[in-house]
Amino acid sequence: MTLVWLGRISIYLACFAALGGIGAQVLTLRRGTPSRALLWSVVSLVGVASAFVVMEFAFVTHNFSLAYVAENNATFTPLLYSLTGVWSALEGSILLWSLVLGGLLSAVVVRYRREASDPVVVWATLVMFVVAAFFLLVMAGPADPFVHNPAHVLQGQGPNALLQDNILVAIHPPLLYTGFVGFTVPFAFAIAMLATGRVHERWPLEQRHWTVLAWGALSVGIVLGSWWSYQVLGWGGFWGWDPVENAALLPWLTATAYIHSVVVQDRRGLFRVWNLSLAVATFALTILGTFFTRSGVLQSVHAFASSTLGPVLISFFFVTVGLGVALIAWRGDALRTATGVEHPLSREGLFVANNIVFVGFAIVVLLGTVFPLLYQAINGVQVTVGTPYFAAIAGPAGIFLLALMAVAPVVPWRSVSGATTWSRIRTTAWVSLATTVVLLLAGVHHWPVLVAVFLAVAAAGAATRTLVGVVQAARQRGDLWSAWRAPSTAGMVVHLGVVLLAIGIVVSTSYTSRSEVTLASGQRTVVGGQTIGFGGFAQVSNALEHQTQLVVTVGGRTIRPAITTFNGRSSQSVGTPAIDSNLLRDVYVTFDAIGQNSSVSGAQVQTGVAAGSVVLGVTVEPLLAWLWIGGLFIGFGSALSMGRRRHRDEVGQ
Amino acid sequence: MNILASFRLWLCAVVLVAVAAVVVTPSGSTWQSRVAHLESLVRCPSCTDLSVAQSTQSSSLAVRAQITSMVKAGQSDTAILTTIERSYGANILLSPSTGGLGVLLWAGPLAVVVGATAIGLRLRKRR
Amino acid sequence: MKRSIALGALATLLVVGALSWFLLTRQPISASSVQSPLLGKVAPAVSGAELGGGTFSLAAHRGDVVVVNFWSSWCEPCKQEAPNLSTFAWQQRAHKVFVIGVVFNDTVASAETFARYYGSLYPSVIDAQGAIAFHYGVTSPPTTFVINAKGIVAATLVGPTTVAQLTQVVNRVAQ
């Protein structure tokens, strides 16, 4: 009971501090009183952090007097999954969100403490206090994580089976939330710049810095989420176009558009209104994402249980968009520039194309996600919009983006002649063509793969050419290390990561081979070009789970697909896939069924399979590992961007 | 190296390679590729996002067996999908039929392309 | 210049407003809200060899209310439901109500063992290749279809049933 009140009081304190922060910032704006933002933000952070620590403590000590702990923890849950159990369900996820938000708010206040009285900073922190207050009020009210459990239970239900199978449960949610919550900062600055009318100073650049931080975290978070799905869900895929997955993708798409178009604003002062709109849209889409995940309106494997939060979240979404749109309409005219894009074949022209593709794709993904609801409202019939639709759109969009990536880095600002462009990409163009011919001769006859590789090599070539140029310039200056901090380095490294990701996606989805093999103990067979052998059963138990493993050999290596039964939640059984991975291909093996008269719990029994034999699902996916390597590059590139100096001029460009 | 400097030459080479790629692409659909294609369009009845091609659930296996037998019996793609829809309901297909309201789903991307072209043209006019 | 921004702002506000209001008024999904497309339609054929010998055909039972139950030996709720179905079948044996099980993706041996273990008082049909399950659109066992005397699917139940529930549904269907 004490924990309940400790937690609640911490939340109330944080909430009160956020509201106090709002009041203090309003006073600073109206009467010029010195800003107390630092005090209020730190108190709020302390409040949320205390609540978080209380919850973690309750989980680690298996304190079932809290209903939330009883639902997501058990006495035999290992320490790691107790710690991560805090964010496995709805209320705890909002607690994590608030914690990250509180941390970011304090970071922003501390970062700009020397300009704490500048109206832009005051407005920005005001907006962040409002968002923080919103989520804290939600936790104080409808989504209270500290609900007392009246029953005296000796044992909890334990976490969801799929959330205690893999260490990524400790990394993916915090990273993802850093990404989502991170977009609050550019939004806050957008509102601040609109409210004060000061868009021509260095604030857009600050805004971009925070956006890249959030974007990098979100990108890596999404890739890790795919990797996690891939490792545990058992179908060998990494993206299902699930509504919650789409909800995470939407802000990422608009943020990517923003990162590019804000460079144009930086260089040539264009697209101010558009960039402000994108900043507002990205934040609004993160709120819409929380709505899809928590309202129960769309069916999803990743959704939290439905709650009363739906109306609250969608209302906040609308208020956010309304406020942004109103401010832009009010100030918009003052932001317009007289100049424009002079020539389509120019860096700015190609960035326009980039924005059109990303934002257009986001609109289509949103349409596809919401379409089942629309259809049911009008026709009363339930429909599904899945991979065939989204893939049909993503394919052409991806091809177009690869083409842009192949040309844009070599095209200068304002305008360029076709001849100059050609002279720069000439070598890469021939290398791309040569690669394609080699593939064609080697037997690759699937034309989407050929087109994708052709463009991917070109894009990689453009990125490499830029990086080489940067290194040469740094060497001439005598300071090789400055190459890391050059403006284009981070972006080109990210582009290389995207190229790897694209090739991994196209090749693995085009050449995946799935088959079912029936093997008796000691038997071996060749499937999909791989030698698969079955060596027998192994039973492994610990306090948390019981596993029936199969000893399977792939080539020379042994892997152990299994069926895992978790103690606790009505003895859930899940299939645990095993993967043999190398740079060339992944072999994904699942324990699908067992021969007759067998009593392995959770295993499907199949007709016509001899006793003691097993049915294995074997999926061979070429180049799948390139996805994760690409993600690594993207993360590394984003980190490089953090190390950059704030102003171009400081790097001597 | 001079000959490689020619854009036109490179473009001709690209066209040649493209034609070669089209020529060698295996045409016509074997019954296996038809089955694979149909399987990718039908949702696993007891899952949320997967197609019957990707899922090894018993309900998926039943659907796959039926698709194979219907393809071997010479039924058309539309007939097969309609039969499946009749048993499981419209939400068994991973992409709604384009008739009726389904056309809106494809009108969306089309509208985006039209809008994009309009923006491109407008920006061009401005200069 | 200002007009295009104002227009864009208004258009955005309208679209987002409509979307927000639409999403606000949606109900959360509940599993029970999914209806079988077979309701009100002619019941697909159920025929084949029975466990333990004999053959069954749905057509032969025109005039009876037929309760078709899809089950498997590996499905947990089916174990819960099996005794209830037997009790119900026994109670209704003189009331022109017939209970028939359909084995859903299982081996004959396991199904027979299951039926024997639970003292099944109703026959079950072996579903070769899952054809019957396919035509009935069964996504997961246990699923029960109640077919009225005219051969139309009158009710569907997903999940384990009880004697009380079955009795209530069958009484409603028989009227």
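The notes below deal with the structure included here. Owing to the predicted nature of the structure, the values given are computational and were not obtained by experimental measurement. (Residues numbered from 1 in each chain as written. Chains lettered and ligands numbered in written order. Predicted model: local features only at pLDDT ≥ 70, side-chain atom pairs only at ≥ 80, totals over all residues. Heavy atoms only, no water.)

## Description of the overall build of chain A
Link 1 in the chain: Helix and strand counts for chain A come out as 19 helices and 11 strands.
Link 2 in the chain: Here chain A has a C-alpha radius of gyration of 27 Å; the compact-globule value for 653 residues is 26 Å, and the two agree.
Link 3 in the chain: In terms of overall dimensions, chain A has C-alpha extents of about 80 × 70 × 60 Å along its principal axes.
Link 4 in the chain: The buried share of chain A, taken over its 653 residues, is 59%.
Link 5 in the chain: Total accessible area on chain A is roughly 24500 Å²; 64% of this is exposed by carbon and sulfur atoms.
Link 6 in the chain: Separation of charge centres in chain A, based on 34 positive and 24 negative side chains, amounts to 11 Å. (Helix = DSSP H or I, 4+ residues; strand = E, 2+ residues; numbered from the N terminus. Rg over C-alpha atoms; globule rule 2.2 N^0.38 Å. Buried < 20%, exposed > 50% of the residue type's maximum accessible area, 1.4 Å probe, protein only. Areas by Shrake-Rupley, 256 points an atom, 1.4 Å probe, with all protein chains shown as cover. Lys, Arg positive; Asp, Glu negative; His and termini not counted. Charge placed at Lys NZ, Arg CZ, Asp CG, Glu CD.)

## As for the interface of chain C and chain B
Link 1 in the chain: Contacts between the two partners involve 17 residues from chain C and, on the opposite side, 17 residues from chain B.
Link 2 in the chain: With both sides pooled, the region where chain C packs onto chain B buries about 1200 Å², and carbon together with sulfur makes up 63% of that total.
Link 3 in the chain: When residues of chain C are sorted by the area they lose upon contact with chain B, Pro37(C), Phe134(C) and Thr139(C) head the list and together hold 47% of the total.
Link 4 in the chain: Run the count over chain C and chain B and you get zero salt bridges.
Link 5 in the chain: Taken together, chain C and chain B are joined by four residue pairs in polar contact (both at pLDDT 80 or more).
Link 6 in the chain: Per element, the largest residue contribution to the side of chain C that touches chain B is five residues, and it comes from helix H4 (residues 131-136) of chain C.
Link 7 in the chain: Looking at the side of chain C that touches chain B, its residues break down into nine nonpolar, eight polar and no charged. (Contact = heavy atoms within 4.5 Å. Buried area = accessible area lost by both parts, 1.4 Å probe. Salt bridge = Lys/Arg side-chain N within 4 Å of Asp/Glu carboxyl O. Polar contact = N/O pair within 3.5 Å; in protein donor to acceptor, adjacent residues only side chain to side chain. Nonpolar A, V, L, I, M, F, W, Y, C, P; charged D, E, K, R; others polar.)

## A short note on the packing of aromatic side chains
Residues and elements named next belong to chain A.
Link 1 in the chain: One pass over the full model with this rule turns up 43 aromatic pairs over all chains.
Link 2 in the chain: With a centroid separation of 6.5 Å and an interplanar angle of 10°, the aromatic rings of Phe52 and Trp87 are classed as stacked. Taken as a pair, Phe52 in helix H2 (residues 37-60) and Trp87 in the loop between helix H4 (79-85) and helix H5 (90-111) lie far apart in primary sequence, 35 residues in all.
Link 3 in the chain: Residue class for Phe52 comes out buried when judged on its relative accessible area of 12%.
Link 4 in the chain: Trp87 sits in the buried class, given a relative accessible area of 12%.
Link 5 in the chain: Plain terms: the ring middles of Tyr112 and Phe189 are 5.5 Å apart, the flat faces sit at 75° to each other, and that makes the pair edge-to-face. Here Phe189 lies in helix H8 (residues 184-196) and Tyr112 lies in the loop between H5 and helix H6 (119-140), a separation of 77 residues in the sequence. (Phe/Tyr/Trp six-rings, centres within 6.5 Å; stacked < 30°, edge-to-face > 60°.)

## Observations concerning the environment of Thr558(A)
Residue and element names in this part refer to chain A.
Link 1 in the chain: With respect to the element layout, Thr558 can be found in strand S5 (residues 557-559).
Link 2 in the chain: Assessed through its relative accessible area of 45%, Thr558 is described here as partly exposed.
Link 3 in the chain: A C-alpha to C-alpha distance of 9.3 Å links Thr558 and Gly535, two positions 23 residues apart in sequence.
Link 4 in the chain: In this structure Thr558 touches Val551, Val552 and Thr553, once residues within four positions along its chain are discounted.

## What to know about a nonpolar patch on the surface
Link 1 in the chain: A surface patch of nonpolar side chains, about 510 Å² in accessible area, is lined by Phe7(B), Leu11(B), Val15(B), Val19(B), Val23(B) and Val24(B).
Link 2 in the chain: Looking at where Phe7(B) falls in the secondary structure, it is placed in helix H1 (residues 7-24). (Patch = residues over 30% accessible without salt bridge, like charges linked within 9 Å, V, L, I, M, F, W, Y side chains within 5 Å.)

## Regarding the environment of Ser55(B)
All names here are of chain B.
Link 1 in the chain: Along the polypeptide, Ser55 turns up in the loop between helix H2 (31-41) and helix H3 (58-72).
Link 2 in the chain: Taking the C-alpha atoms as reference, Ser55 lies 6.5 Å from Cys44; in sequence the two are 11 residues apart.
Link 3 in the chain: Within the local environment of Ser55, its side chain forms a polar contact with the backbone nitrogen of Gln57, the two atoms lying 3.1 Å apart.

## Looking at the nonpolar core
Link 1 in the chain: Ranked by size, the top nonpolar core spans 196 residues in total, and within it Met55(A), Leu95(A), Leu288(A), Phe292(A) and Leu23(C) carry the most contacts.
Link 2 in the chain: Among all residues touching Leu95(A), those that are not within four sequence positions of it are Ile11(A), Val48(A), Ala51(A), Phe52(A), Met55(A), Val86(A) and Met139(A). (Core = buried A, V, L, I, M, F, W, Y, C linked by side-chain atoms within 4.5 Å.)

## Digging into the state of the cysteines
Link 1 in the chain: Throughout the structure, instances matching the rule amount to two disulfides over all chains.
Link 2 in the chain: The disulfide partner of Cys44(B) is Cys47(B), and the S-S distance across this bridge is 2.0 Å. With the S-S bond torsion at 70°, the cross-link from Cys44(B) to Cys47(B) turns out right-handed.
Link 3 in the chain: By relative accessible area, Cys44(B) is classed as buried at 0%.
Link 4 in the chain: Each disulfide pairs two cysteine sulfurs, and for Cys75(C) the partner residue is Cys78(C), the sulfurs being separated by 1.9 Å. Across the S-S bond of Cys75(C) and Cys78(C) the torsion is about 95°, and the bridge reads as right-handed. (Disulfide = S-S within 2.5 Å.)

## Side note on helix H16 (residues 447-477) of chain A
Think of an α-helix as 3.6 residues a turn; residues three or four steps apart then line up on the same face.
Link 1 in the chain: Between its first and last C-alpha, H16(A) extends 45 Å over 31 residues, near the 45 Å set by a 1.5 Å rise per residue.
Link 2 in the chain: At the C-terminal side of H16(A), Gly478(A) shows a positive phi close to 85°. (Expected span 1.5 Å × (residues − 1).)

## Structural notes on the interface of chain B and chain A
A common way to report how large an interface is uses the accessible area buried once the components associate.
Link 1 in the chain: Listed by partner, the interface residues are 45 residues for chain B and 50 residues for chain A.
Link 2 in the chain: Between chain B and chain A, a total of about 4000 Å² is buried, with carbon and sulfur atoms accounting for 72% of that surface.
Link 3 in the chain: If you look at where chain B meets chain A, you find zero salt bridges.
Link 4 in the chain: At the junction of chain B with chain A, the criterion picks out five residue pairs in polar contact (both at pLDDT 80 or more).
Link 5 in the chain: Looking at the side of chain B that touches chain A, the elements with two or more residues in it are H1, H2, H3 and helix H5 (102-126) of chain B.
Link 6 in the chain: Here the side of chain B that touches chain A takes 12 residues from H5(B), the largest share from any one element.

## Thoughts on the pattern of salt bridges
Link 1 in the chain: Summed over all chains, the structure comprises 12 salt bridges over all chains.
Link 2 in the chain: Of the charged contacts, one joins Glu348(A) and Arg268(A) as a salt bridge, the two residues approaching to 2.5 Å between their closest N and O atoms. On the criterion of sequence distance, the pair formed by Glu348(A) in helix H13 (residues 347-379) and Arg268(A) in helix H10 (residues 243-268) is long-range, its members being 80 residues apart.
Link 3 in the chain: Since its relative accessible area comes to 13%, Arg268(A) is described here as buried.
Link 4 in the chain: With a shortest N-O distance of 3.4 Å, Lys79(C) and Glu76(C) are connected by a salt bridge. A residue pair is termed a helical-turn pair when its members lie 3 or 4 positions apart in one helix, as Lys79(C) and Glu76(C) do in helix H2 (residues 76-91) at three residues.

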